[in-house]
Amino acid sequence: MLRKKNRNIRIPIAFQGGGVRGTAYVGALKALEELGIYPCAVSGSSAGAIVAAFVASGFTADEMLILMSDKDFSEFLDPVCEIPVLRLLIAYLQKGCFKGQNFHEWMESNLKIKLKKSLPGFSSTFNDIDIPLIITATDITHKKLVVASQKNTLSLPIADAVRMSMSLPFIFVPVRVSSCEIVDGGVTNNFPCRELRELLPDKPILGFRLQTEKENPSCRKGWFDFIGSLMDSAISSATHSQEFSVKNLHTIHLPTLGVGVADFHISHEKKMQLFEAGYNATLAYFHSEEGQNFLKKCSNY
């Protein structure tokens with residue numbers, strides 16, 4: 001029998017970015033919990049950064065499912081200007097259509113509750129978590145990768161790092177830090193496995209990726225879908241190369257069921273379908289010969 005209550009395997013886990021489809025990762029984590037597999041370190045970009053931050057802060061898969069399934073993701077789309085006639089101009093000047101403040105407040109409030117940071121004015125930082133957390137973003141001013149972690153940004157609020165990492169270009173306003181403008185981690189590193197490998201040189205790494213499915217052009221509803229498809233296409237080849245360049249990386253590919261990167265109006269039913277798809281794909285992997293071999297490797301560490 002694959003499921004063993006007495007199994008307690010601790011491994012580093014990397015989560016690829018993927019917009020609103022990240023609920024599939026929660027299903028994968030639920031399967032891991034049932035298998036007795038837990039993270040000893042986590043990394044992520046964009047949607048993967050959201051999940052990684054929740055994992056590192058101590059959320060269970062069930063708790064994350066409640067957070068994500070109950071939340072209407074379209075509430076994250078807070079326009080840069082409430083006056084329609086000025087909205088396009090302000091979006092042009094600020095380099096994004098939505099402020100991202102609603103997302104930041106949602107992320108920060110949930111982290112503060114979990115980490116018991118109840119005092120006003122105090123944020124949950126990398127210093128408050130015990131599990132190593134790595135989040136990637138992109139500094140478009142200096143054209144370089146930004147890595148937030150306990151090593152680099154101990155006093156940085158976790159919600160700030162996640163807000164940087166999920167800033168889909170042209171959709172969310174870049175995060176401004178000093179003279180820098182910071183956007184989605186997927187622009188430079190959508191699957192932060194190398195950073196985990198540098199942190200833990202020998203341990204097997206489990207990576208979760210969201211499958212890029214063929215898109216029917218007739219299903220595109222507007223420029224949101226176009227931007228999402230553009231981001232997906234631009235980063236998929238670079239992400240794919242990491243699977244071969246990072247030593248001892250084992251990747252599980254999760255179905256996305258045709259959901260787009262920027263489908264913020266995703267229904268509750270579709271979120272639950274993504275959860276089930278991630279759960280089933282992860283169990284299927286560990287029932288396979290490859291998954292069994294991975295478990296054997298883990299037992300040696």
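Residues numbered from 1 in each chain as written. Predicted model: local features only at pLDDT ≥ 70, side-chain atom pairs only at ≥ 80, totals over all residues. Heavy atoms only, no water.

K.L.:
Help me out: how do you make sense of helix H3 (residues 61–70) in this one?
P.N.:
Because each turn of an α-helix spans 3.6 residues, side chains separated by three or four positions end up pointing in the same direction. The complete set of buried residues in H3 reads Ala61, Met64, Leu65, Leu67, Met68 and Ser69. Residues of H3 that are buried sit in contact with helix H1 (23–35), helix H2 (47–56), helix H5 (101–114) and helix H9 (268–287). (Buried < 20%, exposed > 50% of the residue type's maximum accessible area, 1.4 Å probe, protein only. Helix = DSSP H or I, 4+ residues; strand = E, 2+ residues; numbered from the N terminus. Contact = heavy atoms within 4.5 Å.)

K.L.:
What is the right way to read the pattern of salt bridges from this model?
P.N.:
Two side chains with opposite charge may pair up if their charged atoms get near one another. Enumeration over the complete set of coordinates arrives at five salt bridges. Across the salt bridge formed by Lys30 and Asp62, the nearest N and O atoms sit 3.2 Å from each other. With Lys30 in helix H1 and Asp62 in helix H3, the pair connects residues that are 32 residues apart, well separated along the chain. Measuring nitrogen to oxygen at the nearest pair gives 2.7 Å for the salt bridge that ties Lys71 to Glu75. For Lys71, a relative accessible area of 17% translates into the label buried. Each of the salt bridges in this network shares a partner with another, and the network as a whole consists of Lys95, Arg176 and Glu181. (Salt bridge = Lys/Arg side-chain N within 4 Å of Asp/Glu carboxyl O.)

K.L.:
What is the right way to look at the confidence of the model for the chain in this model?
P.N.:
Detailed conclusions should not be drawn from predicted coordinates in areas where pLDDT is low. When the pLDDT values of the chain are averaged, the result is 88; 85% of them are 70 or greater. Here residues 215–220 is a poorly scored stretch, pLDDT under 50, and it has four contacts once near neighbours within four places are set aside; other chains count. (pLDDT = per-residue confidence, 0-100.)

K.L.:
Looking at this structure, I do not really get the packing of aromatic side chains. What am I missing?
P.N.:
Think of a pair of aromatic rings as described by two things: how far the centres are apart, and how the planes are tilted against each other in angle. Tallied over the full model, the rule gives twelve aromatic pairs. Centroid distance Phe54 to Trp106: 5.8 Å. Interplanar angle 90°. Geometry classified as edge-to-face. Here the residue Phe54 occupies a position in helix H2, and Trp106 occupies one in helix H5, the gap between them amounting to 52 residues. Exposure remark for Phe54: the relative accessible area of 0% places this residue in the buried category. By relative accessible area, Trp106 is classed as buried at 11%. A network of ring pairs unites the aromatic residues Phe54, Phe59, Phe73, Phe76, Phe103 and Trp106 as a single cluster. The lysine or arginine in question, Lys114, covers the ring of Phe59, its NZ or CZ lying 5.4 Å from the ring centre. Stacked on the ring of Phe73, the Lys or Arg Lys271 has its end atom at 3.8 Å from the ring centre. (Phe/Tyr/Trp six-rings, centres within 6.5 Å; stacked < 30°, edge-to-face > 60°. Lys NZ or Arg CZ within 6 Å of the ring centre and 35° of its normal.)

K.L.:
Quick question: what am I supposed to make of the packing of H9 against helix H10 (residues 289–298) here?
P.N.:
When two helices pack together, you describe them by how their axes are tilted relative to each other and by the distance separating the axes. The N-to-C vectors of H9 and H10 enclose an angle of 75°; their axes lie 4 Å apart at closest approach. Considered as vectors, H9 and H10 are oriented roughly perpendicular to each other. Mapping the contact onto sequence places Tyr285, Phe286 and His287 in H9 and Glu289, Glu290, Gly291, Gln292, Phe294 and Leu295 in H10. Taken together, the residues of the contact of H9 with H10 sort by class into four nonpolar, three polar and two charged. (Axes fitted to C-alpha atoms, helices over the stretch in contact; angles between N-to-C directions. Parallel < 35°, antiparallel > 145°, perpendicular 65-115°, else oblique. Nonpolar A, V, L, I, M, F, W, Y, C, P; charged D, E, K, R; others polar.)

K.L.:
Please explain the packing of H1 against H9 as it appears in this structure.
P.N.:
At their nearest, the axes of H1 and H9 sit 6 Å apart, and the two run at 40° to each other. Considering the angle they form, H1 stands oblique to H9. Note that H1 runs across H9; the crossing there is right-handed. Between H1, through Thr23, Ala24, Val26, Gly27, Ala28, Lys30, Ala31, Leu32, Glu34 and Leu35, and H9, the contact on the second element is made entirely by Lys271, Leu274, Phe275, Gly278, Tyr279, Thr282, Leu283 and Phe286. Per-class residue counts for the contact of H1 with H9 are eleven nonpolar, four polar and three charged. (Left-handed = near helix turned anticlockwise from the far one by under 90°.)

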